[in-house]
2 protein chains.
Amino acid sequence: MENSGQSFDPHASSLSGTAQPEVLEELYRVRSSIDNIDAALIHLLAERFKATQRVGVLKATHSLPPADPGREAAQISRLRALARDAQLDPVFAEKFLAFIIDEVIRHHEAISENIKAGGDGSPVSGEDAGDETDD
Amino acid sequence: MENSGQSFDPHASSLSGTAQPEVLEELYRVRSSIDNIDAALIHLLAERFKATQRVGVLKATHSLPPADPGREAAQISRLRALARDAQLDPVFAEKFLAFIIDEVIRHHEAISENIKAGGDGSPVSGEDAGDETDD
């Protein structure tokens, strides 16, 4: 079983021999912030998929369609605006949402199948199993 | 100019007429959490790209290669472990990192071109311009 951070080397780099020590020092400093941000992103994504898992069960239980174009259009427009305010490329923000929604819909299908087969929509165990659905 | 949230309807949905009111109520409740998480994700991504922008300038200034396979391998392994701890599909976490790094490298090239042309690596203005680089 993997254990977060146990064997992670924050200075892992293929550039070690190729750059001046003070440049590498600065690189590691910035990378340590990137690593902190990535940990936060992973945990937020986990929380987001818990929420979409609830949405998926709700939709499957009440035979609602997985896709919701009206919702999706509102989300895209909001995320683009938020991105602009945060000085993030709005095109990237839209691609990011599409990337997440692709994953959500992929797993929604699994939940729907599970419920049709008499289950409770819980994710199947195993590495490839997701615990998310549409939104 | 877009303004975040100004015209966002958190109840926007193509399902409005098709579901019982109490089901929609529950759907909106969960979606409001998803919307909060998405705002946090966008702001964290903006901060992450600020950091990779600094890495890109550093690398371009010191003629370091954009890719760093040793760093990337360490990141993948750490994010997979973090994902497991957070009950997120590690396969998805790896895809997510690849998605981000693709964008980062795409913009790294722009920074490198900018510096070669005598600039300071600042992002070009305009909707398609990113302010990020490798990491």
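Residues numbered from 1 in each chain as written. Chains lettered and ligands numbered in written order. Predicted model: local features only at pLDDT ≥ 70, side-chain atom pairs only at ≥ 80, totals over all residues. Heavy atoms only, no water.

Engineer: Just checking my understanding: could you explain the overall build of chain A for this structure?
Structural biologist: When you go through chain A residue by residue, the secondary structure sums to three helices and zero strands. Helices and strands in chain A line up, N terminus first, as α-α-α. Put simply, chain A has 135 residues, and 48% of those count as buried. Considering only contacts in chain A between residues 6 or more positions apart, those separated by 24 or more positions represent 63%. Carbon and sulfur atoms make up 52% of the accessible area of chain A, which amounts to about 6,100 Å² in all. (Helix = DSSP H or I, 4+ residues; strand = E, 2+ residues; numbered from the N terminus. Buried < 20%, exposed > 50% of the residue type's maximum accessible area, 1.4 Å probe, protein only. Contact = heavy atoms within 4.5 Å. Areas by Shrake-Rupley, 256 points an atom, 1.4 Å probe, with all protein chains shown as cover.)

Engineer: It is not clear to me how the relation of the copies chain B and chain A should be interpreted in this structure. Could you clarify?
Structural biologist: In screw terms, the move from chain B to chain A is a rotation of 180° and a rise of 0.0 Å along the axis, fitting with an RMSD of 0.0 Å. Given the turn and translation reported, the copies of this chain are related as if by a two-fold rotation axis. Across chain B, the smallest distance between a C-alpha and the rotation axis is recorded for Leu-41 of chain B, namely 3.2 Å. (Least-squares fit on C-alpha atoms with pLDDT ≥ 70 in both.)

Engineer: Explain unusual backbone geometry here, please?
Structural biologist: Residue and element names in this part refer to chain A. With phi around 50°, Ser-63 is a residue other than glycine that occupies positive phi space. Looking at the secondary structure, you find Ser-63 in the loop between helix 1 (21–61) and helix 2 (69–85). You can call Ser-63 exposed: its relative accessible area is 66%. Notably, Gln-87 is not glycine yet its phi reads approximately 60°, a positive angle. As for its placement among the helices and strands, Gln-87 is situated in the loop between helix 2 and helix 3 (90–116). What makes Gln-87 exposed here is its relative accessible area of 60%.

Engineer: Explain the UniProt feature "domain: Chorismate mutase" (unreviewed entry) in chain A here, please?
Structural biologist: According to UniProt, the positions carrying the feature "domain: Chorismate mutase" (unreviewed entry) are residues 21–112 of chain A. In the segment residues 21–112 of chain A, helix accounts for 88% and strand for 0%; the C-alpha atoms at its two ends are 55 Å apart. (UniProt positions renumbered as here; feature names shortened; annotations may be inferred.)

Engineer: Would you mind going over the confidence of the model for chain A with me for this structure?
Structural biologist: For any part of a model where pLDDT is low, the fine detail of the predicted coordinates should not be relied upon. All names here are of chain A. With 86% of its residues at a pLDDT of at least 70, chain A reaches an overall mean of 86. Ignoring residues within four places in sequence, the model shows residues 125–134, a span with pLDDT below 50, making 44 contacts including any to other chains. Interface predicted TM-score (ipTM) for the complex: 0.84; the corresponding pTM is 0.84. (pLDDT = per-residue confidence, 0-100.)

Engineer: Help me understand the packing of helix 3 of chain A against helix 3 (residues 90–116) of chain B, please; the structure alone is not making it clear to me.
Structural biologist: Packed helix pairs are characterised by how far apart their axes lie and by the angle those axes make with each other. Orientation of helix 3 of chain A relative to helix 3 of chain B, taken along the N-to-C sense of each, is 160°, at an axis distance of 12 Å. In terms of orientation, helix 3 of chain A lies roughly antiparallel with respect to helix 3 of chain B. Crossing hand, helix 3 of chain A versus helix 3 of chain B: right-handed. Taking contact as the criterion, the partners of Phe-92, Lys-95, Phe-96, Phe-99, Ile-100, Glu-103 and Arg-106 of chain A in helix 3 of chain A are, on helix 3 of chain B, Phe-92, Lys-95, Phe-96, Phe-99, Ile-100, Glu-103 and Arg-106 of chain B. (Axes fitted to C-alpha atoms, helices over the stretch in contact; angles between N-to-C directions. Parallel < 35°, antiparallel > 145°, perpendicular 65-115°, else oblique. Left-handed = near helix turned anticlockwise from the far one by under 90°.)

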